[in-house]
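Residue strings, one per chain:
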Amino acid sequence: MSHETYLFSRMDREDTHTLKGYEAQGGYQAFKKILSEGTSPTDVTGIVKDSGLRGRGGAGFPTGLKWSFMPDPTKDSRTRYMAVNADESEPGTCKDRILMERDPHGLLEGCMIAAWAMGLAGIYIYVRGEYRLSYARLDEAIQEARAAGLIGKNIMGSDFSCEVQMHKGAGAYICGEETGLMESLEGKRGHPRPKPPFPAGFGLWGQPTTVNNVESIFNVPFILERGSDWFKTMGTEKSPGNFLCGVSGHVEKPGVYEIALGTPASTILNEYAGGVWRGRELRAWIPGGSSTGFLRPEVIDTPMDHDSVKAVGSMFGTGAMIILDQTASVVRSALVLMNFYEHESCGQCSQCREGTEWLAQVFQRIHDGHGRMEDIDLLTDIANGMAPGKTICALADAAAIPTHSVIRNFRDELVEYVQEGGHAAVSKKRSLPLEVV
Amino acid sequence: MALTDALKEEFTELASHYPKRQAALIPALHRCQEDLGGWLSPEIIESVAEWFELEPVEVFGVASFYPMFFLKPVGKHIVSVCRNISCDLRGSEELLERVCQVTGAKAGANSTDGDFYVEQVECQGGCANAPMMVLDGIYHEDLTPDKAEAILGSLKR
Ligand SMILES: Cc1cc2nc3c(=O)[nH]c(=O)nc-3n(C[C@H](O)[C@H](O)[C@H](O)COP(=O)(O)O)c2cc1C
Ligand code: SF4
Ligand code: FES
């Protein structure tokens with residue numbers, strides 16, 4: 001299980017979050033080199049593109065390619081922005097927080113490299129309102145970097161200028177969706193915008209904007225410093241590099257681990273997270289956050305990368321694995337998630353607003369023992385009415401996908417709930433004698 | 001409650017970081033809630049609207065969209081217990097039960113003595129340290145009902 005790590009490589013030092021601690025470990029060298037050598041923005045984007053880095057915010061979109069969608073500054077002179085997505089609110093996901101709390105300058109250096117590559121005038125880091133320490137650490141880091149001439153006007157004495165500002169959200173899942181985030185940043189309700197137009201053409205205040213996840217940007221300085229060939233030595237051909245894997249639920253050692261993409265989920269579960277807790281069996285697992293769907297134990301050897309997880313009918317998502325042991329209930333967890341999606345739907349699209357409410361109701365009655373066999377098909381019908389591509393944003397998909405996965409992979413449990421009279425009866429049957437605990 | 005001059009100065013500073021003033025609205029509402037009694041009263045909403053040159057109903061519309069803003073008075077201490085999947089799997093239900101017992105507040109309500117407001121919240125990004133609660137903005141993770149009781153108990157005394 002030993003492999004090269006870089007994302008967490010500076011975490012051992014107590015003062016990594018300070019400029020002094022960061023620079024003592026080679027910090028800001030990649031950015032300074034680009035500026036002093038005058039590496040062209042196109043070349044920087046080219047290196048990120050060539051590295052094959054894929055976004056870590058959920059969709060896995062190639063980062064360099066996204067950057068190249070920004071209009072050519074010689075043809076379009078509008079002010080350009082980046083919004084760093086630090087809203088981290090996909091249930092199960094708890095990785096960006098660690099980067100911001102422990103290594104905020106790493107994120108800032110990535111921001112400044114992105115600023116150079118895309119000719120940005122301003123960067124807003126949208127941090128979820130509850131992340132107090134992230135907010136404080138990043139704010140301090142920005143002040144230090146500004147004082148050191150690394151952020152702001154005439155960076156390192158050059159004629160390149162870019163401001164970075166921290167922005168505090170106020171706790172709404174939908175503000176993690178990129179256009180909801182932009183609306184929220186503008187001081188409005190976080191209502192996603194219809195696409196097109198895409199952010200690169202019409203983003204913050206109608207200007208060209210790129211939205212990237214914290215962990216995506218955090219990878220960038222490493223790629224610039226060590227080269228895209230180095231980056232491609234880790235992970236798989238189509239999903240290179242390492243990722244931060246949050247493992248939660250019924251495991252011995254929940255935590256966030258730095259893992260090479262393509263590592264089998266079973267290795268992560270057993271060798272990093274200490275296996276299913278209390279010596280129990282695995283009932284179900286979710287590979288990449290609440291939106292990605294429940295999988296059966298038979299596929300726990302699936303490599304954790306975008307293509308492999310897709311091949312078994314789920315999604316890599318945010319790479320946040322959630323583990324359910326043999327006593328747990330998929331129906332109950334699905335109900336928890338549907339209540340969440342119902343609560344977080346912004347309400348603009350009737351398919352989503354009503355669909356999430358309806359899904360939650362049907363899961364509730366199956367859970368409570370009032371379900372009927374027809375409800376199983378009803379769940380499919382509701383989910384089919386919501387997604388894919390039927391709504392303004394993908395929150396509707398995020399509710400439909402786990403629903404389909406329960407029906408496809410755990411129909412037996414739905415039937416059991418209907419036949420045996422719901423959660424109380426089923427969980428009693430499943431509970432283990434105390435000595436096993 | 002009217003805005004203080006100090007707050008207005010802060011608003012000006014906040015707004016200077018954006019091309020449009022309204023972008024500072026959510027950070028400004030945070031500052032009001034922190035400094036002016038823990039919730040956003042209609043009077044606060046009105047004076048914020050005035051400062052931002054918006055209609056009060058617009059500011060209300062924004063404030064009501066975000067779960068972190070309170071539009072009615074809340075207890076002295078705010079306890080937010082996560083109810084989402086990772087916490088649910090590791091016993092957030094029992095945790096909530098104990099929190100309600102110790103504080104004397106029901107979920108979504110204040111305790112009768114006004115000392116506590118207890119709420120259930122969605123995932124807080126502490127999933128690998130579940131179950132968890134946030135007490136007055138501070139994360140408490142890897143909880144058991146007993147640990148939560150001890151934390152809350154030390155506040156009551
Ligand atoms: C409902 C919803 C919630 C989302 N929440 C987040 C989030 O909290 N953090 C995040 O980085 N991306 C989130 N995303 C994905 C973003 O829309 C966007 O794809 C991502 O920030 C792009 O960054 P990346 O290309 O670097 O991954 C969410 C998407 C949807 C549909
Ligand atoms: S899909 Fe749901 S969350 Fe997304 S815009 Fe429509 S109603 Fe809002
Ligand atoms: S599920 Fe409770 S913190 Fe994420």
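Residues numbered from 1 in each chain as written. Chains lettered and ligands numbered in written order. Predicted model: local features only at pLDDT ≥ 70, side-chain atom pairs only at ≥ 80, totals over all residues. Heavy atoms only, no water.

**Some words on the overall build of chain A**
Looking only at helices and strands, chain A features 17 helices and eight strands. For 437 residues, the compact-globule formula gives about 22 Å, and the C-alpha radius of gyration of chain A, at 22 Å, lands near that figure. Taken over 437 residues, chain A has a buried fraction of 60%. A separation threshold of at least 6 residues defines the contact pool for chain A, and within that pool the share at least 24 residues apart is 70%. Only carbon and sulfur atoms are counted for the fraction: they give 51% of the accessible area of chain A, which is about 16,000 Å². Here chain A holds 44 positive side-chain charges and 55 negative ones, and the gap between their average locations is 2 Å. (Helix = DSSP H or I, 4+ residues; strand = E, 2+ residues; numbered from the N terminus. Rg over C-alpha atoms; globule rule 2.2 N^0.38 Å. Buried < 20%, exposed > 50% of the residue type's maximum accessible area, 1.4 Å probe, protein only. Contact = heavy atoms within 4.5 Å. Areas by Shrake-Rupley, 256 points an atom, 1.4 Å probe, with all protein chains shown as cover. Lys, Arg positive; Asp, Glu negative; His and termini not counted. Charge placed at Lys NZ, Arg CZ, Asp CG, Glu CD.)

**Comments concerning the sheet that holds strand 6 (residues 255-260) of chain A**
Residues and elements named next belong to chain A. One open sheet accounts for four strands, arranged 6-5-8-7; its pairing is mixed. At either margin of the open sheet sits one strand with a lone partner, and together these are strand 6 and strand 7 (282-286). Between one strand axis and the next, the sheet turns by 30° as a mean value, whatever way the strands run. (Pairing = 2+ DSSP bridges. Axes fitted to C-alpha atoms, helices over the stretch in contact; angles between N-to-C directions.)

**Digging into the sheet that holds strand 4 (residues 209-213) of chain A**
Residue and element names in this part refer to chain A. Read across the open sheet, the four strands follow the order 3-2-1-4; overall the sheet is parallel. At either end of the open sheet lies a strand with only one pairing partner, and these are strand 3 (163-168) and strand 4. Taking each pair of neighbouring strands and ignoring which way they run, the sheet shows an average axis angle of 20°. Relative to strand 4, strand 1 (residues 81-86) runs parallel, the two being bridged by five bridges. Bridged to Asn 85 within strand 4 is Asn 213.

**Digging into the environment of Arg98(B)**
Residues and elements named next belong to chain B. Topologically, Arg 98 is positioned in helix 6 (residues 92-103). Given a relative accessible area of 22%, Arg 98 falls into the partly exposed group. With 36 residues separating them along the chain, Arg 98 and Val 62 place their C-alpha atoms 33 Å apart. Not counting residues within four places of it along the chain, the set of residues in contact with Arg 98 comprises Pro 145, Asp 146 and Glu 149.

**Some words on the domain arrangement of chain A**
Residue and element names in this part refer to chain A. The domain boundaries assigned to chain A delineate domain 1 (19-232), domain 2 (242-325) and domain 3 (330-425). Counting residues at the interface gives 13 residues for domain 2, matched by 16 residues for domain 3. Around 1,100 Å² of area is buried between domain 2 and domain 3 when both sides are counted, 61% of it from carbon and sulfur atoms. Three residues stand out in domain 2 for area buried against domain 3, namely Ser 290, Phe 294 and Arg 296, and they jointly supply 53% of the buried area on that side. Across the domain 2-domain 3 interface, the total number found is two salt bridges. For the salt bridge of Arg 296 with Asp 412, the shortest nitrogen-to-oxygen distance reads 3.9 Å. At the junction of domain 2 with domain 3, the criterion picks out six residue pairs in polar contact (both at pLDDT 80 or more). The element best represented in the side of domain 2 that touches domain 3 is strand 7, accounting for three residues. (Domains from an automatic or database assignment. Buried area = accessible area lost by both parts, 1.4 Å probe. Salt bridge = Lys/Arg side-chain N within 4 Å of Asp/Glu carboxyl O. Polar contact = N/O pair within 3.5 Å; in protein donor to acceptor, adjacent residues only side chain to side chain.)

**Some thoughts on the pairing of strand 2 (residues 122-127) of chain A**
Residue and element names in this part refer to chain A. Summarising burial for strand 2: six of the six residues are buried, a large majority. By the alternation rule, side chains of strand 2 split into Gly 122, Tyr 124 and Tyr 126 and Ile 123, Ile 125 and Val 127, which are all buried. Relative to strand 2, strand 1 is paired through six bridges, and the arrangement is parallel. Counterpart to Met 82 in the pairing with strand 2 is Ile 123. Across six bridges, the pairing between strand 2 and strand 3 is parallel. For Gly 122, the partnering residue across the bridge sits in strand 3 and is Glu 163. Running through helix 7 (residues 132-147), the crossover from strand 2 to the neighbouring parallel element strand 3 is right-handed. (Right-handed = clockwise from strand over helix to strand, strands pointing away.)

**Points about the site of ligand 2**
Ligand 2 sits among 13 residues. The nearest are Cys346(A), Gln348(A), Cys349(A), Cys352(A) and Cys393(A). Looking at the shell around ligand 2, its residues break down into nine nonpolar, four polar and no charged. (Near = heavy atom within 4 Å. Nonpolar A, V, L, I, M, F, W, Y, C, P; charged D, E, K, R; others polar.)

**Description of the packing of aromatic side chains**
Counted by the stated rule, this structure contains 25 aromatic pairs over all chains. Each ring, one from Phe70(B) and one from Tyr117(B), has its centre 5.5 Å from the other, and the planes form 75°; the classification is edge-to-face. Of this pair, Phe70(B) sits in the loop between helix 4 (56-65) and strand 1 (77-82) while Tyr117(B) is found in strand 3 (residues 116-121), placing the two residues 47 residues apart along the sequence. Like Phe70(B), the residue Tyr117(B) is buried in the burial classification. By the ring-pair criterion, three or more aromatic residues cluster together here, those being Tyr6(A), Phe218(A), Phe222(A), Trp230(A) and Phe231(A). Geometry around Trp51(B) places Arg21(B) over its ring, the cationic atom sitting 4.0 Å from the centre. (Phe/Tyr/Trp six-rings, centres within 6.5 Å; stacked < 30°, edge-to-face > 60°. Lys NZ or Arg CZ within 6 Å of the ring centre and 35° of its normal.)

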